[in-house]
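Survey of secondary and tertiary structure
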Amino acid sequence: MPTDPSALQQEVGRLLTALGVDPGRLDGQPAARTPALTPIDGGITGHVIETTPAQATSAIEAAHQAFLHWRLVPAPRRGELVRRLGDALRRVRDDLGRLVSIETGKIVSEGQGEVQEMIDICDFAAGLSRQLYGLTIASERPGHRMMESWHPLGVVGVISAFNFPVAVWAWNAALALVCGDPVIWKPSEKTPLTALAVQAIFERTAREFERDLGTSTKGLLHVLIGGRALAEVLADHRSVPLVSATGSTAMGRALAPRLAQRFARALLELGGNNGAIVCPSADQELALRAIAFAAMGTAGQRCTTLRRLFVHRDLGEAFVQRLVGVAASVQVGDPLEPGTLVGPLIDRGAYEAMQSVLAEVAAQGGRVHGGERLHAQRWPHAYYVRPVVATMP
C-alpha cells in the first residue's frame, strides 16, 4: 500500500473509477478514511455526500413503489437479475476486494474472500428463485385441499457494520431481491466507499438486465450514507416491514423495541461471546490453527470471533503456551503486504475499548500475553495491536 497520502488517495480513486462510482457521489464534506496506514492527514481516502433524513424518507417511498411492480415479476426472472449480479462481482472481485482491505484494514485474502461470499450468496439465491415452494396440506373435507403460498413482504432495510461492509449487504439483498423485495441499505459510516462501489456495480447490472429482458429495475436499491438518524428513519417508517441489522448488542437493544412498537420484523446479528473446548482427544495441531484463525482473523473484529477458550487440564498449560507463542509470532502490519495475517483495529475507539478490557482482566488477576500497540511511530494514527491470550484465575 502506498504510504504517501496523495498516492493512497490516487489508489482509491483508481479503484472507485474502475468500479464505476459516480464522481458526483464523492464531492461532499464527510471524510472516508482507511484504518491501515494513516499518515499526517488521518488516512483520508475521499469524501462522500451524506443522505438527509428527508432524502431517506423519499428513498423508502420510491422503493415501496418499486415493490408494487417487482413483487409481480416471476421469481425465476428476479433470480436472473441476481445471477447477473454474481457474474458482475466475479469480474471485479480483485478491485472490490482491494477496496474492502483499504477501507476496513482487512488482509488481502479476507477482502477478496468477502467478495467471494457475495458471489456465493448470489449463486444460492439464483437457485432459490426456482424453489420458493409452498405446502399442499391434507384436509378433512372430501374433495378439498389446503395450499400455502408465500408472498413478497415489502421494502427490506439493511443496516450493516464496518467489519463485513459488503458481504452482509449481499446476504440480505440477494435473498430479498429474489423474493420480490427492494432494499434500502444504510452501511456503516466507517465504510461508505465500498457501499457506493457495490451500488454502482448493482446499478450497472440492473441497467443491462432491464435492456435485455425489458423488466424495470427502477428503485430496487437505495444507499443511505450517514449515521444513526438514518437508521432511525428505517426503524420508524411503516413502509419498511423488515429491518436486518448487524452490529453491537447495544444497537440491537435500541433498534428492536422501535420495530416492535409498529409490529415490524427484525433480523438482528449482534456481538458474540463464542467459546471453544479443547478435549484430550482433539487433534492439537488442527485445534491450534483453528483457534488462532477464529480469534485473530479480521483483527478479532467479528461477531464470530473466538473469545473464550476452555482447555482440559490434561493439556493445560502446555497447549496454552503454544497458543501464546502463535499470538507472539503472527505478522501484524500493512494488510496489503504479503504475509500479513493481522491488520489494524478500525479506529482509536476500538483500541481504547480493547485496552480497557485488558485492564479489567489484570484487575481480576488474569495474566495478559500480548496486547501492545505496534507500528505507532511509523503510523501514529493507525492502531495495530499484538493479539492477546489472557489466562484467568
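Our subject is the structure that appears above.
A brief look at the structure comes next.

What counts as what
- Residues numbered from 1 in each chain as written.
- Predicted model: local features only at pLDDT ≥ 70, side-chain atom pairs only at ≥ 80, totals over all residues.
- Heavy atoms only, no water.
- Axes fitted to C-alpha atoms, helices over the stretch in contact; angles between N-to-C directions.
- Helix = DSSP H or I, 4+ residues; strand = E, 2+ residues; numbered from the N terminus.
- Parallel < 35°, antiparallel > 145°, perpendicular 65-115°, else oblique.
- Left-handed = near helix turned anticlockwise from the far one by under 90°.
- Contact = heavy atoms within 4.5 Å.
- Nonpolar A, V, L, I, M, F, W, Y, C, P; charged D, E, K, R; others polar.
- Core = buried A, V, L, I, M, F, W, Y, C linked by side-chain atoms within 4.5 Å.
- Buried < 20%, exposed > 50% of the residue type's maximum accessible area, 1.4 Å probe, protein only.
- 1 Å grid on protein atoms, 1.4 Å probe; cavity = no way out; pocket = protein on both sides within 12 Å on 5 of 7 lines; lining within 4 Å.
- Points joined across faces, edges and corners; volume = space filled by probe spheres on them.
- Salt bridge = Lys/Arg side-chain N within 4 Å of Asp/Glu carboxyl O.
- Pairing = 2+ DSSP bridges.

Moving on, we get to the packing of helix α5 (residues 108–128) against helix α6 (residues 167–178). Where α5 meets α6, the closest approach of the two axes is 9 Å, and the angle between their N-to-C directions is 15°. Taken together, the axis directions place α5 and α6 in an arrangement best described as roughly parallel. Crossing hand, α5 versus α6: right-handed. From α5, Glu114, Glu117, Met118, Ile121, Cys122, Phe124, Ala125 and Leu128 reach across to α6, where they touch Ala167, Trp169, Ala170, Trp171, Ala174, Leu175 and Val178. Of the residues contributing to the contact of α5 with α6, the split by class is 13 nonpolar, no polar and 2 charged.

This next bit is on the nonpolar core. In this structure, Leu89, Leu96, Met118, Trp169, Trp185, Ile201 and Phe202 are the most contacted members of the largest nonpolar core, which totals 55 residues. When residues of this core are assigned to their parent elements, the largest contribution, 10 residues, is made by helix α7 (residues 192–213). Excluding anything up to four places from it in sequence, Leu96 contacts Leu19, Leu89, Val115, Met118, Ala197, Val198 and Ile201. Core analysis: the second largest hydrophobic core is formed by 30 residues, Ala292, Ala299, Leu306 and Val332 among them.

All right, on to empty space enclosed by the protein then. If you roll a probe as big as a water molecule over the atoms, it shows you where there is empty space left. One pass over the structure, following the stated rule, counts 1 cavity of 30 Å³ or more. The calculated volume of the largest cavity comes to roughly 80 Å³. Forming the boundary of the largest cavity are 14 residues, of which Thr104, Gly105, Lys106, Thr298 and Gln301 lie nearest the centre. The residue makeup of the lining of the largest cavity, split by class, is 6 nonpolar, 6 polar and 2 charged.

Turning next to the side chain of Thr205. By secondary structure assignment, the location of Thr205 is in helix α7. Given the relative accessible area of 4%, Thr205 is considered buried. The contacts of Thr205, once residues within four sequence positions are left out, are Leu81, Arg84, Leu85 and Ala88.

With that settled, consider the layout of surface pockets. Considered as a void within the structure, the second largest pocket measures approximately 560 Å³ in volume. Every residue lining the second largest pocket is counted, 18 residues in all, and those nearest its centre are Trp150, His151, Leu153, Cys179 and Asp181. Looking at which element gives the most residues to the lining of the second largest pocket, the answer is α6, with 4 residues.

This brings us to the pattern of salt bridges. On inspection of all chains with the given rule, the structure shows 18 salt bridges. Here Glu11 and Arg14 are joined by a salt bridge, their closest N and O atoms 3.7 Å apart. A residue pair is termed a helical-turn pair when its members lie 3 or 4 positions apart in one helix, as Glu11 and Arg14 do in helix α1 (residues 5–19) at 3 residues. Overall, Glu11 belongs to the buried group, its relative accessible area being 14%. You can call Arg14 partly exposed: its relative accessible area is 41%. Its salt-bridge partner being Glu317, residue Arg367 comes within 3.6 Å of it at the nearest N-O pair. Separated by 50 residues along the polypeptide, Arg367 in strand β12 (residues 367–369) and Glu317 in helix α11 (residues 316–329) bring together distant segments of the chain. One network of salt bridges, with partners in common, ties together Glu80, Arg83, Arg84, Asp87, Arg90, Asp123, Arg211 and Asp212.

Among the secondary structure elements, Arg33 is positioned in strand β1 (residues 31–33). Placed 65 residues apart in sequence, Arg33 and Arg98 show a C-alpha to C-alpha distance of 14 Å.

What follows deals with the sheet that holds strand β7 (residues 221–223). For sheets, the rule is that strands pair by backbone hydrogen bonds, running either parallel or antiparallel. Spatial strand order, β7-β6-β5-β8-β9: 5 strands in an open sheet with parallel pairing. The open sheet has two free edges, formed respectively by β7 and β9 (265–269), since each of these has just one partner strand. Neighbour to neighbour, the strand axes of the sheet diverge by 15° on average, direction disregarded. Alignment of strand β6 (residues 183–186) against β7, held across 3 bridges, turns out to be parallel. Each residue of the ladder has a partner; that of Ile184, found in β7, is His222. Strand contacts of α6: β5 (156–159), β6, β7, β8 (242–246) and β9, with the helix running at about 170° to β6, the strand carrying the most contacts.

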